[in-house]
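Given next are the chains, with one letter for each unit.
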Amino acid sequence: MEATSQQQQQRHEQPCIAGLRFEHYSVAHQLGTQAVRPRLSWKFANVPAGFVQLGYELEVYDSTTIITDPGQKILHREVVESDQSVLVPWPAKLPDLVSRQAVFARSRAADAEAAQNTIRTPWSEPASIETGLLDRGDWQGQLISSPPSWGDECQSAAETPRGEELYRAEFDVVQPATPAAVEEAQRQIRSARLYITAQGVYEAEINGRRVGDEFLAPGWTEYRSRLRYQCYDVTGYIHGGSSSNSVGGRPRKNVIGVRVAEGWFCGRLSWLDDSIARNHFGERPALLAQLEVTFVDGARQVVVSTDSSWRVTRGPTLLAELYDGEKYDARLEIEGWSGAEKHAAAAQWEPVPVRGPLPDTVALITGEAAPVRRIEVVRPVQRITTLSGKTILDFGQNLVGYTRIKRVRARRGHKITLSHAEVLEKGELGTRPLRKAANRDEYTCKGSDSSAGEGETWEPRFTFHGYRYVQVEGNNDNNDNNGDLLSCVETVVCHTDMAPAGSFSCSDELLNRLHANVTWSMRGNFLSIPTDCPQRDERLGWTGDIAMFAPTATLLYNCTDMLRGWLRDLAAEQAKHAGVPPLVVPNVLTRDPFFGRVTPVAVWGDVAVLAPWALYQASGDVEILREQYQSMLDWVAAIPRNKTGNTHLWKSSLLQLGDWLDPSAPPDNPAGGKTDAILVADAFLIHTLDTTAEVAALLHQNTDAERLRREAASARSQFAHEYLTPAGRLVSDSQTAYALAIVFGLFPSPAQRRHACDRLVYLVRRNAFKIGTGFAGTPYICEALTLAGHQGGGGEDVAYALLRNEECPSWLYSVKMGATTIWERYDSMLADGSVNPGEMTSFNHYALGAVARWMWERAAGLKALEAGWRRIQVAPVVGGGLTRVKAVHYTPYGKVGSQWVLEEGEEDEEERLRMTVTVPPNATAEVVFPAGSETEKLVVGSGVHEFSVAVKVPAWPVKPIGLFG
Ligand code: BGC
């Protein structure tokens, strides 16, 4: 074997700290946080191979003290001997941060070699953080809403959607009279912050300028317990009140305007009857805002949403529904509504009733997760005229966001409608899978005045759609866009603004597309909360889907904060139901007679343990486990067990969703697959107990850990008694049953395990490599085959054969059918191009995409050996007919990479494997070579390492077992 270690350091570039960050924030400067002892993490650049940190130096500055101290005041400096560079604790000597406190920090580090070659980095670029309003007493603002006289509090109001409301307040900034008067008012204002949220969704403007760039703020949380608010720097937005900046000797007016719509707070959610599908968290939208202007002398002026100067009127968005879309009448626009213009003030503004403070039972939180933003613009690739004469634009990608129309020239009152769908059926827009979600926007044109020049441009603000196709009506006959539609219509892709965490590619283009489809399905369903699907009348936080997908999600995007926030909602919901998580979080099914009962369901409920565990594995942040620990314990305790017999297993008379959407389940009974649903529940119970025991041990809760281990052991032996033959067969002779038992380690004896492994390999080959797993089995099936392969018998290549199969049901069947996202069912679209007749036929569900984890962990071989990726394993499974695989993952330590290429062998060798392994500074990797290589494994430090080994790759393709063997 040849091994070369390439130094990462380029001579002309200095070793340095790159990317100093507070907590899990992906930005260097975070405005609005709750963290009062924020931890710091950094990565390194240009350090030599094998770099390990020996110690660091940290400086913290308080930037609020510049009021009294013109220089930034240093709060603390410390030198610490430690190799920790991720989630480094806030200095013990510093007190907790207080409300509105802004601090800067910088760090520098040195390596382990104290000898003459010591590497010392210069000071890093600073990172900063500013706390929000941490105490409820800091809030002077109260909730305001539209007046009851608007008539929507009658009986039918529960079923009638409301349009957008515009709120507006005028205010003067009264600067303090200081003897040393400063000429320019702007110089007098030191900073201005807008703390704002809504029960509903909002967009704010100050003096006609949009504040922030968030979409659907404040995002969706369990509003009965937790409401997020945003904190914006609006310093440059405010007019001060000096004479040089005044109108007729008076200070120039400032105006704050806020659009508020129903959003998730009181809009329609779920497929339930309209009478119970609306107003889940309250009867009407409300606004809570507090604008704080701080002057250079420290004085503060506060403008709050309690002030009698607030007014409200109806906005031009007449319908602002998440499912049904927007209706916008541009004729109703109030020009300059958020500015000081006279005509804006003269419109029909009504006084605003104050609803009172937000109840203390609802926590106000900020900086918990990255916001939802407009991420990317996608243009249509094709214009289609259907048989019935409709005009449809194809964006070439199933995605989530909304459609923007530009350069519209039409008469006043002309209407344009945009109907969205994921598929075409019989050549027309396929809207049946949308069920009761209209997914349609309507724009009414302002008309001639504005159609000069560039024409009209419009995009919705308070809705989103899941679609690939948009049917455009009214935009190609009454205006001169005809023929130019492709350049006048575009999609704005929206989702939580997570940092991408890596990439995957290999020599099979179909697998590459599959991986891209998983990524797109994650993007489409990580919009504020993790949802099942983005298009029909659901878009809900189904717990089972994310329980199964979370480990994959963390490989694709840095979603730690987003999911951590959602887990807090989960815990809040659990608390209302004696430890049982509802099937959807936030729970909007409370009024349904069936779902409202909140009964425990395996896999879905196991999210309470499995999702925090996945986040811990990705981030190494034990605080996530500490925070969720009670939720985990509560769930484990709430799982109903049998009263007699198998008292450590699930009470067997309960409804279970089992291996949901196993391909053999009939279209109208997704829970009715091959694998006994109670067996699935019990397998997950043991996995959940094992995981919780490990968490307890990590948190030094030794009594709990012992108890949970004992429970797991009893459950294991009862599982074997109930489901396992002495030889090693399971009573459900299915792919999922064996997959779960193998991965979760449910066999009492190695011989039973071996037998089960052989049986799984047999079943998959006998099934001609067609997939037989639903939501519960899919994340584990390829992994189980790989583990089976470790005992011989070619299980790894059977895993590849399953992954690369193109016949239905398989992952690549959908790719061959033109899928650009992961489908809810392997056959959401049937081979003849028709849509599966099942009620649940989404084309954008990430759950079955959980297989992508195997592509990273096994095909590329990248795995964390220690939570947080400080110790990495690179152990690719070479085979499957692939000739090259490459995966990159951005871990808390930096970039980890594994790349392998199979080449023709030299002389008498069969083939030669060239591997490139990238290890980030301050981390190590164990590189495991394919069986039969002259070296089994090596441990390497940071740097880029190249290896070349002779290998004997198993014959490909693997043969199925036919009827006659
Ligand atoms: C959702 C699923 C979910 C399931 C459970 C469906 O309607 O789309 O993804 O987990 O219901 O009942």
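Just so you know, the residues in each chain are numbered from 1, in the order the chain's sequence is written. It should be noted that, the model being predicted, local features are given only for residues of pLDDT at least 70 and side-chain atom pairs only at 80 or more, the latter also being counted only at that level, while totals for whole chains, interfaces and linings use all residues. In computing side-chain properties, one takes all heavy atoms of the structure into account and sets aside hydrogens as well as water.

Considering the overall build of the chain
Runs of H or I in DSSP of at least four residues are treated as helices and runs of E of at least two as strands, each being numbered from the N terminus. Assigned secondary structure in the chain consists of 19 helices and 49 strands. The globule rule puts the C-alpha radius of gyration for 965 residues at 30 Å, and the 30 Å found for the chain is close to it. Each residue's exposure class comes from its accessible area (1.4 Å probe, protein chains only) as a fraction of the maximum for that residue type: buried when under 20%, exposed when over 50%, partly exposed otherwise. Buried residues in the chain amount to 61% of all 965 residues. It only takes one pair of heavy atoms within 4.5 Å for two residues to be counted as in contact. A separation of at least 24 residues holds for 74% of the contacts in the chain among residues at least 6 apart in sequence. Residue-level accessible areas treat just the shown protein chains as cover; the underlying method is Shrake-Rupley with a 1.4 Å probe. Here the chain displays about 36,000 Å² of accessible surface, and carbon together with sulfur accounts for 49% of that area. Of the charged side chains in the chain, 98 are positive and 117 negative, and the gap between their average positions amounts to 2 Å. This radius of gyration counts C-alpha atoms alone. The globule rule is 2.2 Å times how many residues there are, raised to the power 0.38. Neither His nor the chain termini are counted; the positive set is Lys and Arg, and the negative set is Asp and Glu. Working definition for charges: the position is that of NZ of Lys, CZ of Arg, CG of Asp or CD of Glu.

Quick notes on the pairing of strand β30 (residues 415-421)
Counting buried positions along β30 gives six out of seven residues, so the element sits mostly inside the fold. Bridge count between β30 and strand β35 (residues 465-473): five bridges; the pairing is antiparallel. Across the sheet, the residue bridging to Leu-418 is Val-472, located in β35. What makes two strands pair is DSSP finding at least two bridges between them.

Some points on the domain arrangement of the chain
Throughout, the edges of the domains are those of an automatic or database domain assignment. Its domain assignment divides the chain into domain 1 (12-130), domain 2 (136-320 + 333-365), domain 3 (375-496), domain 4 (499-859) and domain 5 (871-951). Contacts between domain 1 and domain 5 engage 12 residues on the former and nine residues on the latter. Taking both partners together, domain 1 and domain 5 bury about 750 Å²; carbon and sulfur atoms supply 55% of that area. One side-chain nitrogen of Lys or Arg within 4 Å of one carboxyl oxygen of Asp or Glu is enough to make a salt bridge. Run the count over domain 1 and domain 5 and you get zero salt bridges. Three residue categories are used. Nonpolar comprises Ala, Val, Leu, Ile, Met, Phe, Trp, Tyr, Cys and Pro, charged comprises Asp, Glu, Lys and Arg, and polar comprises the others, including Gly. Residue composition of the side of domain 1 that touches domain 5, by class: seven nonpolar, three polar and two charged. By convention, the term buried area covers the 1.4 Å-probe accessible surface removed from two parts as they join, with the contributions of both added.

So, the packing of aromatic side chains
Only centres within 6.5 Å qualify two rings of Phe, Tyr or Trp (six-membered ring in Trp) as a pair; their planes then separate them into stacked at under 30 degrees, edge-to-face at over 60, and tilted for everything else. Using the criterion set out here, one finds 33 aromatic pairs in the structure. With a centroid separation of 6.2 Å and 75 degrees between ring planes, the pair formed by Trp-811 and Tyr-826 is classed as edge-to-face. A residue pair is termed long-range when its members are at least 10 positions apart, and Trp-811 in helix α18 (residues 811-816) and Tyr-826 in the loop between α18 and α19 (852-859) qualify at 15 residues. Looking at Tyr-826, the relative accessible area reads 5%, which means it is buried. Three or more aromatic residues joined by ring pairs make a cluster, and in this case those are Trp-271, Trp-542, Phe-594 and Phe-595. When the ring centre of Tyr-237 is taken as reference, the NZ or CZ atom of Arg-209 above it lies at 3.9 Å. Only when the NZ of Lys or the CZ of Arg is both within 6 Å of the ring centre and within 35 degrees of the ring normal is a charge said to sit over the ring.

A short note on the environment of Leu-589
One can find Leu-589 in the loop between α9 (560-576) and α10 (607-619). Residue classification places Leu-589 among the buried positions, given a relative accessible area of 1%. The spacing of Leu-589 and Ala-277 is 312 residues in sequence and 8.1 Å in space, taken between C-alpha atoms. Sequence-distant contacts of Leu-589, that is, excluding residues within four places in its chain, are made with Ser-270, Trp-271, Leu-272, Leu-540, Trp-542, Val-584, Phe-595 and Gly-596.

What to know about the sheet that holds strand β42 (residues 862-864)
Spatially, four strands are ordered β42-β43-β47-β48 in an open sheet, and the strand pairing comes out mixed. Each edge of the open sheet is held by one strand with a lone partner, namely β42 and β48 (937-940). The average undirected angle you get between the axes of adjacent strands in this sheet is 20 degrees. For helices, the fitted axis covers only the stretch in contact; all axes are lines through C-alpha atoms, and the angles between them, taken along N-to-C directions, range from 0 to 180 degrees.

Things to note about the sheet that holds strand β5 (residues 53-62)
Strand order in the open sheet formed by five strands is β3-β8-β7-β5-β6, with mixed pairing between adjacent strands. Only two strands of the sheet have a single partner each, and these edge strands are β3 (29-33) and β6 (73-81). Adjacent strand axes in the sheet meet at a mean angle of 20 degrees, parallel and antiparallel pairs treated alike. By the bridge criterion, eight bridges tie β5 to β6 in an arrangement that is antiparallel. From the neighbouring strand, Tyr-61 faces β6, where its bridge partner is Ile-74.

As for the UniProt feature "domain: Alpha-L-rhamnosidase six-hairpin glycosidase" (unreviewed entry) in the chain
UniProt positions are given in the numbering used here, feature names are shortened, and annotations may be inferred rather than shown by experiment. When the UniProt feature table is mapped onto this chain, "domain: Alpha-L-rhamnosidase six-hairpin glycosidase" (unreviewed entry) is found at residues 501-857. Between the first and last C-alpha atoms of residues 501-857 the distance is 14 Å; the span itself is 51% helix and 3% strand.

Looking at the site of the ligand
Taken together, Asp-532, Arg-536, Glu-538, Trp-542, Asp-545, Trp-604, Leu-657, Trp-660, Phe-775, Glu-824, Met-840 and His-845 form the complete shell of residues around the ligand. By the criterion applied in these results, polar contacts are pairs of N or O atoms within 3.5 Å in which, for protein atoms, one can donate a hydrogen and the other can accept it, and in which residues neighboring in sequence qualify only through two side-chain atoms. Note that an oxygen atom of the ligand is positioned 2.5 Å from one of the side-chain N or O atoms of Asp-545. Note that an oxygen atom of the ligand is positioned 3.0 Å from one of the side-chain N or O atoms of His-845. Within the complex, the protein chains bury 95% of what would otherwise be the 310 Å² of accessible surface of the ligand. For the shell around the ligand, the per-class residue count stands at six nonpolar, one polar and five charged. Each residue is tested against the molecule or strand, and it is near if at least one of its non-hydrogen atoms lies within 4 Å.

Some remarks on unusual backbone geometry
Going from Ala-217 to Pro-218, the amide bond is cis rather than trans, its omega being 10 degrees. Mapped onto the elements of the fold, Pro-218 is located in the loop between β13 (209-210) and β14 (226-228). The omega angle of the peptide bond from Val-585 to Pro-586 is -5 degrees, so this bond is cis rather than trans. With respect to the element layout, Pro-586 can be found in the loop between α9 and α10.

Comments concerning the pattern of salt bridges
Within the structure shown, the criterion is met by 67 salt bridges. Notably, a salt bridge pairs Glu-262 with Arg-278, separated by 2.6 Å at the nearest N-O pair. Of the two residues, Glu-262 sits in the loop between β18 (254-261) and α2 (263-266) while Arg-278 sits in the loop between α3 (274-277) and β19 (286-295), which places them 16 residues apart along the sequence. Just as Glu-262 is buried, Arg-278 falls in that class too. Measuring nitrogen to oxygen at the nearest pair gives 3.6 Å for the salt bridge that ties Asp-704 to Arg-707. Taken together, the residues Asp-704 and Arg-707, both in helix α13 (residues 702-723) and three residues apart, mark about one turn of the helix. Using a relative accessible area of 18% as the deciding quantity, one classes Asp-704 as buried. Linked by salt bridges that have partners in common, Glu-23, Arg-39, Arg-226, Arg-228, Glu-368, Arg-564, Arg-568, Asp-569, Asp-621 and Glu-627 make up one network.

Observations concerning helix α15 (residues 750-766)
For a helix, the expected span equals 1.5 Å multiplied by the number of residues minus one. With 17 residues, α15 extends 24 Å between its outermost C-alpha atoms, agreeing within 8% with the 24 Å of an ideal straight helix rising 1.5 Å per residue. Restricting attention to buried positions, one finds in α15 the residues Gln-752, Ala-756, Cys-757, Arg-759, Leu-760, Val-761, Leu-763 and Val-764. For α15, the elements touching its buried residues are α14 (735-743), α16 (778-789) and α17 (795-804). Count one or two residues on from α15 and you reach Ala-768, which has phi positive near 55 degrees.

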